[in-house]
Amino acid sequence: MITPLKPRHHHGGIVALVVLVAAIAVVWLTRTADRPKRAHYSSAASSVVAPRNKEAVPRVLPHEPGLATFAVAERPLRTHVTGTGVTEYNAERTSLVATPVAGYLKKTRASWLGRKVRAGEVLAVVYSAEVFAATADVVEQVKNFESQTELDRARNRLLRWGMPRETLVRVERGGVPYPILTLASWYNGTVVAEQGPPRGFIESDGEVLFTITDPSYLSVFVALPAADAARIAIGATGQLTIEGVQKPVTAKVVYVARRAEEGMRKVQFDFQSPKIKIAPDKKVTAAIDVPPGGGPVVPESAVLRVGNRTVVYAARDEIMEARDVKLGALEDGAYRVEEGVAVGETVALRVSDLVKR
């Protein structure tokens, strides 16, 4: 016999709902009873309030009697900034000649160091099986042409290695593979550095054999605090005091890095010194005039750095509240404040000692 389907009664559901609501209420009341009461902060408070979840610094500090504080003040900005760097050859006028393939190297002179060279002048030749195989590939594709894309790929490989275009044309017209790659200078200049013997086998590691430049053109990269670098315009002039040079050299700013690394940005100076020979890697101190201005400052001891956060503790009612700030340069024991606190606000001092209590 089939058991008939009984209608559903709703009384059990109502009872279950009532039980569920009661259980939730009990849990909520239990957690509320266990939760610490919100602290009442007064000048007599003596404990540091623990940080919130995922927060690496305390939210507040007690404003105890005798707490060292500082009223945020405005201080004029410096009208010049200084930084240090070293001299180096101007990259835009420097050619680094390296061998891109393995083979037997033969320089066209026993030594090129100190010699002046012309753009396109051959400094050395390499006899290479790699070059022979690459030219053979081009010859084969010209004879049995199937794809312009593949032919151009084979051609570009040799051109990237530095094979002159006219040499490649002769290879294609003659139909004979060629094992020789010439190494030439890209610029007019002087060979200021040379590596390797006059001849011998070499590996295809891209080792630089010749450095060619005009040694009268130099550059200096100076590291400056990011806030100071932001005040320097392209074309501004600076005075460079160079190791071994009696008088300062005037140079122009040609580049200011956009990105800061560890709070510092690089500023590049270019200059020419045709009469005084200045070697690379000489220490330099640069002084640059910048527009005047002003802004709020806080003492160094008011700043707490934890992880990626930089905070100060500013007064609010009877507590000192953590405030994230953006700082500029450190000048005479005080940080320039770009964002976070304003002139007239009160901040706590020696905060690192207070947090460690």
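Residues numbered from 1 in each chain as written. Predicted model: local features only at pLDDT ≥ 70, side-chain atom pairs only at ≥ 80, totals over all residues. Heavy atoms only, no water.

Asker: Can you explain the layout of surface pockets? Please cite residues and give values.
Answerer: Here the second largest pocket is characterised by a volume of approximately 290 Å³. Lining of the second largest pocket is provided by 16 residues; of these, Gly-162, Thr-182, Leu-183, Ala-184 and Trp-186 occupy positions nearest its centre. Those elements that provide at least two residues to the lining of the second largest pocket are strand S5 (95-98), helix H3 (148-161) and strand S9 (180-184). Split by residue class, the lining of the second largest pocket holds 11 nonpolar, 4 polar and 1 charged. (1 Å grid on protein atoms, 1.4 Å probe; cavity = no way out; pocket = protein on both sides within 12 Å on 5 of 7 lines; lining within 4 Å. Points joined across faces, edges and corners; volume = space filled by probe spheres on them. Helix = DSSP H or I, 4+ residues; strand = E, 2+ residues; numbered from the N terminus. Nonpolar A, V, L, I, M, F, W, Y, C, P; charged D, E, K, R; others polar.)

Asker: Quick rundown of the sheet that holds strand S10 (residues 189-194)? Include the residues and the values.
Answerer: The 4 strands lie next to each other as S5-S12-S10-S7, forming an open sheet whose pairing is antiparallel. Every other strand in the sheet has two partners, leaving S5 and strand S7 (116-117) as the edge strands with one partner each. In this sheet, strand S12 (residues 208-213) lies alongside S10 in antiparallel orientation, the contact comprising 4 bridges. For Val-191, the partnering residue across the bridge sits in S12 and is Ile-212. (Pairing = 2+ DSSP bridges.)

Asker: Can you break down the packing of helix H2 (residues 129-143) against helix H4 (residues 165-174) residue by residue, with the values?
Answerer: Axis angle and axis distance: for two packed helices, these are the angle between their axes and the distance between the axes, and together they describe the pair. H4 packs onto H2 with a crossing angle of 50° between their chain directions and a minimal axis gap of 9 Å. Here H4 runs oblique to H2, going by the angle between their axes. Note that H2 runs across H4; the crossing there is right-handed. When H2 is examined against H4, the residues Thr-135, Val-138, Val-139 and Val-142 are found in contact with a partner set consisting of Leu-168, Val-171 and Glu-172. (Axes fitted to C-alpha atoms, helices over the stretch in contact; angles between N-to-C directions. Parallel < 35°, antiparallel > 145°, perpendicular 65-115°, else oblique. Left-handed = near helix turned anticlockwise from the far one by under 90°. Contact = heavy atoms within 4.5 Å.)

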